[in-house]
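Working through the structure, step by step
Take a look at the letters that make up each chain.
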Amino acid sequence: MQKIINYLDDAAKLYDALALLPMQKCNSRSHMIKQLIAKLKNKLTDDKK
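All values reported here derive from a predicted model rather than from experimental measurement.

**Focus on a nonpolar patch on the surface**
On the surface, Leu14, Leu18, Leu21 and Met23 cluster together to form a nonpolar patch covering roughly 330 Å² of accessible area. Taking relative accessible area as the criterion, Met23 reaches 33% and is therefore assigned partly exposed.

**A look at the environment of Thr45**
Position of Thr45 among the secondary structure elements: in helix H2 (residues 24-48). Once the C-alpha coordinates of Thr45 and His31 are considered, the two residues, 14 residues apart in sequence, prove to be 21 Å apart. Reaching out from Thr45, the side chain makes a polar contact with the backbone oxygen of Asn42 at a distance of 2.9 Å.

Calculation notes
Residues numbered from 1 in each chain as written. Predicted model: local features only at pLDDT ≥ 70, side-chain atom pairs only at ≥ 80, totals over all residues. Heavy atoms only, no water. Patch = residues over 30% accessible without salt bridge, like charges linked within 9 Å, V, L, I, M, F, W, Y side chains within 5 Å. Areas by Shrake-Rupley, 256 points an atom, 1.4 Å probe, with all protein chains shown as cover. Salt bridge = Lys/Arg side-chain N within 4 Å of Asp/Glu carboxyl O. Buried < 20%, exposed > 50% of the residue type's maximum accessible area, 1.4 Å probe, protein only. Helix = DSSP H or I, 4+ residues; strand = E, 2+ residues; numbered from the N terminus. Polar contact = N/O pair within 3.5 Å; in protein donor to acceptor, adjacent residues only side chain to side chain.

Set out below in structure tokens:
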């Protein structure tokens with residue numbers, strides 16, 4: 001699960017870099033990926049309890 005989170009974090013950083021260009025879709029993809037990362041991290045901590 002941690003590898004998936006790391007992969008998604010790298011993808012979000014890539015879309016953040018592309019969002020500097022006038023591309024709204026990259027900005028929204030980055031936001032969606034960050035939301036998914038937060039959800040997975042919460043699930044990971046809940047599973048550890």
